[in-house]
Amino acid sequence: MSAPGMRADGVSYVLHGRALVREVNVDVLPGEVLAVVGPNGAGKSTLCGILAGDLAPTAGEVKVDERPMRSMKPGALARLRSMLSQQTHLRFPFTAREVAMMGRHPHIPRWRSPAESDYQAAEDALRSTQALHLAERVYPTLSGGEQRRVSLSRVLAQDAPIVLLDEPTTALDIGHQQLVMSLCRRLAAEGRAVLAVLHDLNLAGAYADRVMVMADGETVAVGRPEEALHAELLSAVFDQAVMVVPHPQTGKPIVLAACESSQPGVPAWGRQQVPATTSTRERSAL
Amino acid sequence: MGAKAVTRLRALHQAAGRRVSSPRLAASTLLGIMTALFVAALFANVGMGAVEIPPAQAVAILLSHAGIDAGPDFTPRSDAILWNIRLPRVALGILVGGSLALAGTALQGVFRNPLAEPGVIGVSSGAAAGAVGAIILGFSVFNFHGVAVAAFLSGLLATGVVYMVARAYGQTSVTTLILAGIAVNATAGAFTGLFIFIADDDQLRSITFWTLGHVGGATWPVVTSILPFFIVGFLLLPLWARALNLLTLGDREARHMGVSTERVRVSVIVLSALLTGAAVSVAGIIGFVGLVVPHVLRLVAGPDHRFLLPASILGGATALLLADLIARTVVVPAELPLGVVTAMVGGPFFLWLVHRTRLTWGGME
């Protein structure tokens, strides 16, 4: 038996006559990191909400592990998929460790206390997001990035085979962004299905197995990062001239906003190479 | 320049690595302190008054009612005062205080709002309107059943309206619930005002007496007739502790972790309304216990409902016993209304608490 995945079949979400998501098909496959990118208002978070079960699609169906999600009970669903929302508001002074422990909820039977393994799972989760030193701190007093990592620990502690992450790297510094994305890779290596909504196209390019580009509620491209992160497509989708260059070390695509004034007369967007002049100037500026 | 900055950075990292722990009391320590306070309040309430009954005598009287002869002698008068007057009063105080604090804790959790108290779901103001209406219709305050039953039913009705209004598409929103509560409270307040306006002088005295709160008229039949409601609430509400912990993260998050949020909300609201309705129907309006006790406990013990819910029963009971002790001893031979005492002590105390919380956490949020 293969590990469970998730599939959305032609899902739409219409609110007040406006389609926020229109006939989208997604496969979140075990062992794979799927990155969803797109401009603000493209419907990424709505899609994430539909996959998480927060929003009932107005058309189409979501299947978890081959079963329709609608028919599943919250507890059973929570053992199959975990979800990191864009924002978490917690006003009560729980410690980071207590918040991470909450992720164990679906694994603790109603009439039992948490087992030693539950405490261990919460601790491991905090360690893997480099938040263990925050364990006894009170959540509302943590910084935005620290709160984000603690919330991610809670999601990891839930130990679900399907992991949905809505902008897991926002509010994080460059080091912790890399940490979180490496965690996504590790989850996929463990055979889990990972979907991450990302704003940083370079993180998507560097860490995802597949990238899905959304615009106006629809899927406009799905494929390997090198295919989906195409300069012309991205320039059109984001309404901003961009260029795509290979990472000097990994060769993975890097997306840069094109500087239109750097070389007058030559259209800046769609170019595949960094102009030498730009890089020299940048080097001297440093 | 660069190397120096890196060295400085390393030192900063080390300093930040030192653990900062939250200033909480261990649950067992706190429970010990609370139990001691509760027992002290219990014996003070039983023993103090026009006739002093020392703890040893009180125990002896209790044992004699259980058919055991033991300890110091006591007069039949002490026996009568303890068994017929003070004990039912103490029992009612424990039940009322415990249920107001428990309902307050549970509602603050389910509304994710530290301002919530039993009043937010309309039950108190609804009960008040019902009780005042019953008094106008000629029921006496001391006729327990008429006024109390009217108060209880109208309290539940008000909560039902709040819940129905806030419910849409099989879901309720916390904000809508609070807004609906405000509207229902205002409407019920208008009815109370109208009844007061048409009341005669005797009825006005009764209404004033009822709305200021009291546990003085307690008798064993009163206590036993409402006991089932309290037992149901005390036993069932704490079962939702873990779900309430998860709900503090938000509805969506709680559902992601497997909580049936709507079922939790309905259960907590219904049980809290039952508890508060029962408390208000027999004791009138007693403010601040349901607001202050949960706050104090959360401040010293942290926000874990698995501890908070049972502890708030004990804390609320103790708070009410102490308030009732003040109510009946400061202006002997008269008595202060209980609701006046709880508000007089609770109001300023809550102000201090809010200020302190603002200083330490930058606010309640």
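Residues numbered from 1 in each chain as written. Chains lettered and ligands numbered in written order. Predicted model: local features only at pLDDT ≥ 70, side-chain atom pairs only at ≥ 80, totals over all residues. Heavy atoms only, no water.

Chemist: How should I be thinking about helix α3 (residues 55-65) of chain B in this particular structure?
Modeler: Residue pairs spaced three or four apart in an α-helix point in one direction, given the helix's 3.6 residues per turn. All names here are of chain B. Taken together, the buried positions of α3 are Q57, A58, A60 and I61. One side of α3 holds all its buried residues, which, seen down the axis, span an arc of 160°. Buried-residue contacts for α3 involve α2 (27-47) and α4 (76-110). G67 lies just past α3 and shows a positive phi near 85°. (Buried < 20%, exposed > 50% of the residue type's maximum accessible area, 1.4 Å probe, protein only. Helix = DSSP H or I, 4+ residues; strand = E, 2+ residues; numbered from the N terminus. Arc of directions from axis to C-beta. Contact = heavy atoms within 4.5 Å.)

Chemist: Even after reading the chapter, I still don't get the sheet that holds strand β2 (residues 18-28) of chain A, so can you show me in this structure?
Modeler: As a general point, the strands of a sheet are linked pairwise by backbone hydrogen bonds and lie either parallel or antiparallel. All names here are of chain A. Taken in spatial order, the four strands of this open sheet run β2-β1-β4-β5, and their pairing is antiparallel. In the strand order of this sheet, the two ends are held by β2 and β5 (67-68), each with one partner. The pairing of strand β1 (residues 6-15) with β2 spans seven bridges and is antiparallel. For Y13, the partnering residue across the bridge sits in β2 and is V21. The strands touched by helix α1 (residues 44-52) within the sheet are β1, β2 and β4 (59-64), with β1 carrying the most contacts at an inclination of about 120°. (Pairing = 2+ DSSP bridges. Axes fitted to C-alpha atoms, helices over the stretch in contact; angles between N-to-C directions.)

Chemist: I keep staring at the interface of chain A and chain B and nothing clicks. Help me out?
Modeler: Note: interface size is frequently given as the accessible area lost on complex formation between the parts. Contact residues are listed per partner, giving 35 residues for chain A and 31 residues for chain B. Of the roughly 3200 Å² buried where chain A meets chain B, counting both sides, 57% is carbon and sulfur surface. Area buried by chain A at its contact with chain B is led by R91(A), F92(A) and H105(A), which between them contribute 23% of it. Seen at the junction of chain A and chain B, the total is zero salt bridges. Between chain A and chain B we count seven residue pairs in polar contact (both at pLDDT 80 or more) in total. Sorting the residues of the side of chain A that touches chain B by element identifies α2 (74-80), β6 (81-84) and α3 (96-102) of chain A as the ones contributing at least two each. Looking at the side of chain A that touches chain B element by element, the count peaks at three residues for α2(A). In the side of chain A that touches chain B, the residues fall into 16 nonpolar, ten polar and nine charged. (Buried area = accessible area lost by both parts, 1.4 Å probe. Salt bridge = Lys/Arg side-chain N within 4 Å of Asp/Glu carboxyl O. Polar contact = N/O pair within 3.5 Å; in protein donor to acceptor, adjacent residues only side chain to side chain. Nonpolar A, V, L, I, M, F, W, Y, C, P; charged D, E, K, R; others polar.)

Chemist: Explanation requested: the nonpolar core in the structure shown.
Modeler: Considering soluble globular proteins, one finds that nonpolar side chains tend to be buried as a cluster. The biggest cluster of nonpolar side chains holds 101 residues, and the ones touching the most others in it are V96(B) and F111(B). Ranked by residues supplied to this core, first place goes to α4(B) with 14 residues. (Core = buried A, V, L, I, M, F, W, Y, C linked by side-chain atoms within 4.5 Å.)

Chemist: Honestly, the confidence of the model for chain B in this entry has me stumped. Any pointers?
Modeler: Interpreting fine coordinate detail is not advised for predicted regions of low pLDDT. Scored by pLDDT, chain B has a mean of 84; 92% of the residues are at 70 or more. Two numbers describe this predicted complex: its pTM, 0.84, and its ipTM, 0.85. (pLDDT = per-residue confidence, 0-100.)

Chemist: Would you explain the pattern of salt bridges in this entry?
Modeler: Close approach of charged atoms allows side chains of opposite charge to pair. Residue and element names in this part refer to chain A. Under the definition given, this model contains 21 salt bridges over all chains. A salt bridge links R22 to E218; the nearest nitrogen and oxygen atoms lie 2.4 Å apart. Residue R22 is found in strand β2, and its partner E218 is found in strand β10 (residues 218-223); the two are separated by 196 residues along the sequence. Taking relative accessible area as the criterion, R22 reaches 37% and is therefore assigned partly exposed. Residue classification places E218 among the partly exposed positions, given a relative accessible area of 32%.

Chemist: It is not clear to me how the domain arrangement of chain A should be interpreted in this structure. Could you clarify?
Modeler: Residues and elements named next belong to chain A. Splitting chain A by domain gives domain 1 (6-224) and domain 2 (230-286). Its C-alpha centre places domain 1 at a distance of 31 Å from the equivalent point of domain 2. Counting from both sides, the interface comprises eleven residues of domain 1 and, opposite them, eight residues of domain 2. A combined buried area of about 790 Å² lies between domain 1 and domain 2, and 76% of that area is made up of carbon and sulfur atoms. Inspection of the region where domain 1 meets domain 2 yields one residue pair in polar contact (both at pLDDT 80 or more). Sorting the residues of the side of domain 1 that touches domain 2 by element identifies α7 (201-207), β9 (210-215) and β10 as the ones contributing at least two each. In terms of residues, the side of domain 1 that touches domain 2 owes the most to one element, α7, which gives four residues. Partitioning the side of domain 1 that touches domain 2 into residue classes produces eight nonpolar, three polar and no charged. (Domains from an automatic or database assignment.)

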